[in-house]
Amino acid sequence: MLKRGPGHPSPLPSTPVKSRDESAAADSAKISPMMAQYSAIKGENPGSLLFYRMGDFYELFFDDAEIAARALGIVLTKRGKHEGMDIPMCGVPVERAEDYLNRLIGQGHRVAVCEQIEDPAEARKRGGKSVVRREVVRLVTPGTITEELLLDPVRANSLLAIAGGGQGPERVFGLACVDISTGTFIVASAPEASLEAEIARIDPAEIVVPEALLAVPCLERLARETNRPITPLGREAGEGESAARRIKDYFGLATLEGLGALSGAETAAAAAAILYIERTQFSARPALSLPTREARDTRMEIDAATRANLELTRTLAGARDGSLLAAIDKTVTAPGGRLLAERLAAPLTAPKEIEDRLDAVAFFANEPFLRKEIRACLKAAPDISRALSRLALNRGGPRDLAAVRDGLEAAKAAAAMLTGAGLLPQELARAGEAATGIDPALAARLRHALADTLPLNRRDGGFVRPGYDSILDELRALRDESRAVIAALQARYADATGSKQLKLKHNHFLGYFIEVPQAQGERLLKPPYDGQFVHRQTMADAMRFSTKELAELEVKMASAAGEALAREETVFEALADLLLGQQAALKGLAGALASIDVAAALAELAEALDWTRPEVDGSLSFVIVEGRHPVVEASLRVQGLAFAGNDCTLSGLPGKGGRIAIVTGPNMAGKSTYLRQNALIAILAQMGSFVPAKRAEIGIVDKLYSRVGAADDLARGRSTFMVEMIETAAILNQAGDRSLVILDEIGRGTATFDGLSIAWAVIEHLHEKNRARALFATHFHELTRLSEKLGRLDNLTVRVTDWNGEVVFLHEIMPGAADRSYGIQVAKLAGLPAPVVTRARALLAEFEAAERLAHADRSVADLPLFTAATPPPALAAPSDRLREALDAIDPDGLSPRAALEALYQLKQLRGKPII
Ligand code: ADP
Ligand code: MG
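Residues numbered from 1 in each chain as written. Chains lettered and ligands numbered in written order. Predicted model: local features only at pLDDT ≥ 70, side-chain atom pairs only at ≥ 80, totals over all residues. Heavy atoms only, no water.

1. Looking at the packing of aromatic side chains
Using the criterion set out here, one finds 12 aromatic pairs in the structure. Judged by centre distance (5.4 Å) and plane angle (40°), the rings of F51 and Y58 are tilted. Like F51, the residue Y58 is buried in the burial classification. Arranged with centres 5.4 Å apart and planes meeting at 70°, the rings of Y493 and F533 form a pair that is edge-to-face. Of the two residues, Y493 is situated in helix 19 (residues 470-497) and F533 in the loop between helix 20 (518-524) and strand 16 (534-538); the sequence distance between them amounts to 40 residues. The same class applies to Y493 and to F533, which are both buried. Every member of this aromatic cluster is reached through a ring pair, and the members are Y38, Y52, F61 and F62. The ring of Y250 carries R285 above its face, with NZ or CZ at 4.2 Å from the centroid. (Phe/Tyr/Trp six-rings, centres within 6.5 Å; stacked < 30°, edge-to-face > 60°. Buried < 20%, exposed > 50% of the residue type's maximum accessible area, 1.4 Å probe, protein only. Helix = DSSP H or I, 4+ residues; strand = E, 2+ residues; numbered from the N terminus. Lys NZ or Arg CZ within 6 Å of the ring centre and 35° of its normal.)

2. Observations regarding the sheet that holds strand 16
On the basis of which strands lie adjacent, the open sheet formed by four strands has the order 14-15-17-16 and antiparallel pairing. Single-partner strands in this sheet number two, and they are strand 14 (503-507) and strand 16. The average angle at which neighbouring strand axes cross in this sheet is 40°, direction not considered. Here strand 16 pairs with strand 17 (residues 542-546) via four bridges, running antiparallel. Its bridge partner lying in strand 17, V534 is registered against S546. Sheet contacts for helix 19: strand 14 and strand 15 (511-517); angle to strand 14, the most-contacted strand, approximately 130°. Against the sheet, helix 21 (residues 548-581) makes contact with strand 14 and strand 15, and its axis sits at roughly 140° relative to strand 15, the strand it touches most. (Pairing = 2+ DSSP bridges. Axes fitted to C-alpha atoms, helices over the stretch in contact; angles between N-to-C directions. Contact = heavy atoms within 4.5 Å.)

3. Describing the pairing of strand 6 (residues 134-140)
Burial analysis of strand 6 places five of its seven residues in the buried class, which makes it a mostly covered element. Examined bridge by bridge, strand 5 (residues 111-116) and strand 6 share six bridges and lie antiparallel to one another. Looking at strand 6, one finds that V113 is bridged to R138.

4. What to know about unusual backbone geometry
Between P527 and P528 the backbone carries a cis peptide bond, its omega angle lying at 5°. In this fold, P528 is placed in the loop between helix 20 and strand 16. Phi at F62 is positive, roughly 50°, even though this residue is not glycine. Backbone geometry at N394 places phi at a positive 60°, although glycine is not the residue there. Relative to the helices and strands, N394 is located in the loop between helix 15 (384-392) and helix 16 (398-419). In this structure N394 comes out as exposed when scored by relative accessible area, which is 52%.

5. Focus: helix 25 (residues 720-734)
For helix 25, spanning 15 residues, the distance from its first C-alpha to its last is 21 Å, which sits close to the expected 21 Å at 1.5 Å a residue. In this structure, the buried residues of helix 25 make contact with helix 10 (304-310), strand 23 (703-708), strand 24 (740-744) and helix 26 (752-770). (Expected span 1.5 Å × (residues − 1).)

6. Here's the deal with the site of ligand 1
Around ligand 1, 15 residues are found, and the nearest of them are A644, M668, K671, S672 and T673. Here a nitrogen atom of ligand 1 sits 2.9 Å away from a polar atom, N or O, in the main chain of A644. The separation between an oxygen atom of ligand 1 and a polar main-chain atom of K671 is 2.8 Å. When isolated, ligand 1 has an accessible area of 560 Å², and the protein chains bury 79% of it. Secondary-structure elements contributing two or more residues to the shell around ligand 1 are helix 23 (630-638) and helix 24 (671-687). The biggest single contributor to the shell around ligand 1 is helix 24, with three residues. (Near = heavy atom within 4 Å. Polar contact = N/O pair within 3.5 Å; in protein donor to acceptor, adjacent residues only side chain to side chain. Areas by Shrake-Rupley, 256 points an atom, 1.4 Å probe, with all protein chains shown as cover.)

7. Focus: the pairing of strand 20 (residues 646-649)
For a regular strand, the rule is simple: side chains alternate between the two faces of the sheet. Of the two faces of strand 20, only the one carrying N646 and C648 is buried; D647 and T649 on the other face are not. With three bridges joining them, strand 19 (residues 622-627) and strand 20 adopt antiparallel strand pairing. Bridging from a neighbouring strand, G627 pairs with N646 of strand 20.

8. Let's talk about the pattern of salt bridges
For the coordinates displayed, the defined rule picks out 55 salt bridges. Residues D203 and R314 are paired through a salt bridge, measuring 2.5 Å at the closest nitrogen-oxygen approach. A residue pair is termed long-range when its members are at least 10 positions apart, and D203 in the loop between helix 6 (192-202) and strand 10 (206-210) and R314 in the loop between helix 10 and helix 11 (324-328) qualify at 111 residues. Relative accessible area serves as the criterion here: at 32%, R314 is assigned to the partly exposed category. Salt bridges linked by common partners bring R155, D203, R228 and R314 together as one network. (Salt bridge = Lys/Arg side-chain N within 4 Å of Asp/Glu carboxyl O.)

9. Looking at the state of the cysteines
What is meant by a disulfide is a covalent connection between two cysteines, made through their sulfur atoms. Within this structure, the stated rule accounts for zero disulfides. Between C114, a free cysteine, and C90, which holds the nearest cysteine sulfur, the sulfur-to-sulfur gap is 15 Å. (Disulfide = S-S within 2.5 Å.)

10. So, the sheet that holds strand 5
Read across the sheet, six strands follow the order 3-4-2-1-5-6 without closing on themselves; strand pairing throughout is mixed. Only two strands of the sheet have a single partner each, and these edge strands are strand 3 (77-82) and strand 6. In this sheet, neighbouring strand axes are inclined to one another by 35° on average, regardless of whether the strands run parallel or antiparallel. Summarising the sheet, strand 2 (residues 57-61) and strand 4 (residues 85-93) pair through five bridges and their orientation is antiparallel. Directly across from L60, in strand 4, lies its bridge partner C90. Packing of helix 3 (residues 62-72) onto the sheet brings it into contact with strand 1 (49-54), strand 2, strand 3 and strand 4, and relative to strand 4 it is tilted by some 45°.

So, in C-alpha cells, the structure goes:
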C-alpha cells in the first residue's frame, strides 16, 4: 500500500522495461513501442498507481495491476509479454473510473491519471507503429480530490501543508490549510505544543511536509500510529523570497501585504500547499480564495485525545453516528453540514463573536414559521462552492452550472424572507446582503441557457436550451435534418433496387452502410446496380454496400453533429467563465447560505430539545443548572427513559483560579456522563449554539482537556497506563487558569496505592499550579479528604440508594463524598454467581477492618503538599480472638447465609458496630 507517499515501496515493475533502443540491441526481449511509452511515464510517477488510458479503459500493468486488482476486486489478466514473462494487467472502464478511484483513494493509494492527448488518427499519420501521445494530467491524492463521488458532502476535504520555523522547543510552525473542493485557503501558525491539537482540529485528508519535519515528534507519531497520509516534499517549495514569489505568481499579486503579516513559516507553508497543488493538478487551476490568516488564540484549543474522548465528530469506534456532531446536526444542506462540523471542531474564544452567532440562533428560535420556510427553501440549494471548484478545474458538467442556477434562486428567496422579517441580527443581515449581492442577470442567463433535463457529462451534449444560441440551433437543425435525409435515402434505395428489406445502418467500423439480405445482395453486385453500389462486407446472411452519395452525406452529418457538440462546449465554457468571473461573490453567497442554514438548524434543535441560550463572557464563571448530556439523553429517550439534569459550579476569580470538584460514586452511577456533559456544554456554548441545560454561565474556556484513565489503546501499542500518564503530563504542563480540565478515573491503570498517590499529587498540582476549572471523577474515596486542605476543592457524589439490598442509581449529583463504593452490589447486578458475591462481601469486610486499624493513628490528608506519598500500609495483624475465629471458618464449606453470619460475628469480635 502506498500510504505515505514516495517513501513507500513503489509499484514500478520489478524488472524495469527497457527503452526501445536498448531492446533493439537485446535480441531476446522485443518491447513494443506502447510498453516503452508506458514505462517512461511510469518512471516519472513513482509512488502512484498509473491509470493508463487505452480507448474506453484505464489500464494498469505489472505490480500496479496486481495491487489494483486486489484492492478493487477486479479480474487480473495479462497482456503480451515482457522478457518472456506475461505482463499482468487489469482495467477499469473510463465512465466508471470515479467509482474505482474512490475506492483506491479510500484505501490510501495515489493515482496518476494518464490520458491520450491526441486523436489516434493523428498518431496513425505518423506511421504504422506510432503510439498515441499520452501524458499524466492529474495526480489523484486524498487531499486534492474534487469529484462529487469521491467527497463526503458534509465534511471538508483539507490538504494541510506544514512548514517549520526555527529550532528548539520554542519554534512555531506555519500551517496552510486548503480545501480545493471549495477553494478555502487558511493560513495559521502553531507552537510545537499545539501542533497536534491544530492537526486534530483541521482533520486533514492529507498532510504535506518538508522531509526534514518528518522527525518532529508529533508528526512522527502521527505517521506511525494513524493512517493519515503524510506526503514528504523536498526543498522545492522554498522559503522566504522564493516562497513569497510562488504565492504572488499563483494569485497574480504584486505584493503579499494585503494578506496580513504572514510569518516566514506561514509563507513557506502556503507556498508548499500551492506547489503540491500545482504538482497534482498539472495545468488545471483550482479556484482558490486568497489565503486568509487566522490569528492565534481565537479558537478553543482541544487536543486529539480530548476530541476522541468526547466523541465530538466521531465516536471512539470512528463512526459519525453516535457523535455529538450527529446528535446536533439538523442542517438541510451539505455546505451547512460542513460549516456546523467546522464550528464544532473550533469553538471561539471571543465573547463578541460568540454572541453574534447566538443572536442569529435566537432570532430563528423566536421565528418558528420563518425558520420553517427558510429551511424548506434552503433544502433546494445545491453545493455551489464544490460546483464552482469543479468548473474551475475543468472537471465540471452541466449539472454544476445548474447547481449555481438553483443556488442563486434559493439565495434570492431566502434573502427576501429575511428582509421581510424586519430588524436582523448582524450575522443574518450580513448573510442576507451576500445572498443578494449578485447581478440578477446571471441567474436569468443560466435559466435561459440550460435545458430542463441535463446530462451528466458535457460531451453528451443536449444541455443547452433551444433558442439560447442561434448558431447551435442551426447546427442542430442541420444534424436533425440529415437524419431525415437518411430515412428518405433508405426509402429511395429500397424503391430503386426493389428490395423492401434494404436498411441504412451505422457502425464504428464502416460508418453508414446499406444492408440487404444475402440473396438481394448478389443482385447488387451486377449491372445495373454495380456502378452505384460498392460492396463493403459479406456477412453470414447479409451483404453490406456503400454509395458515393451516402459517403458524402455521412461526412456532412458527422460534421453537423460534431459541430453542434463543439458549439455546446463553447457555450458551456462561456457560461463557466462567466461564473468563475464572479467566483468571489458566489462563494460569499454560498457561505451566507451555509451560515443561515446553521443558525436555523441550531434553533430547530434548541426548540426540539428545550435547550437554552448560554451566557458567555470573559470571566472565570462556570455555572450550569440542570445540564444534560446530549448524546446520552438522546439514547435514553429512544428507550423511553428520562435523563436526570445536574448542576455544576466551578466558577473562580481571576488571579485565584477556578474550582475543582471531586466526584465520587459507584460504577455506573453517572460520573463519566456528568464530566463529559459539562465539557460538551462549554464547547456548544462557545461554538455559538444553545445548550442542553436550564441555565449556563460560561467564562471563556481557552483550552479544554479531557482524559480517561486506563482507556484501552492496544492499537497504538502503548501500555494503557503509559498513555494515561503521557496525557496527564500534557495537561499538567499546559493547562492554565482559563482551561477546563476533565479527568476521569486517572490513576486507575496501576496498583491502588500508586494510583491513589498519583491522583492525589495531580489534584494538588492542578489546584496550586494550573488553577484550572476542573472535574475529577474517582473511585479513590481517600481523595475526598483533600477538601480539608485545598481551598477551592469541592466534593460531589452521585446519589445511590439501597433498595432491598439492591443498588438503585439515581444519577443525581449532590455535594458530599460517596460513603462506600457499591462495587459488590454492581457485581451482583451484573450477574456474578451468588457464592462469589457473598465471598467478596466477606473479604471486603475483612480488608476494610484491617485497613482501618492501620490508619487509626494518622490521616493521609495530614501530609504536607508535594511530599512523597507514604509507603503503602500492610495489612496489620488482627487480634488473637479474631484470628482464631477466622481460622475456624472453612470458606468452601459455608452456605452464603452462614458466610454472612460469620462475617457479622467477626465484626463483633473486632468490637466495631455493624453498619
Ligand atoms: P460511571 O462513570 O459513574 O461509571 P457512567 O457515566 O458511565 O457511570 O453512566 C452509566 C450509565 O448511566 C450511562 O450509560 C447512562 O445510561 C446512565 N446515566 C448516566 N448519567 C445519567 C443521568 N444523569 N440520567 C440518566 N441516566 C444516566
Ligand atoms: Mg466512568
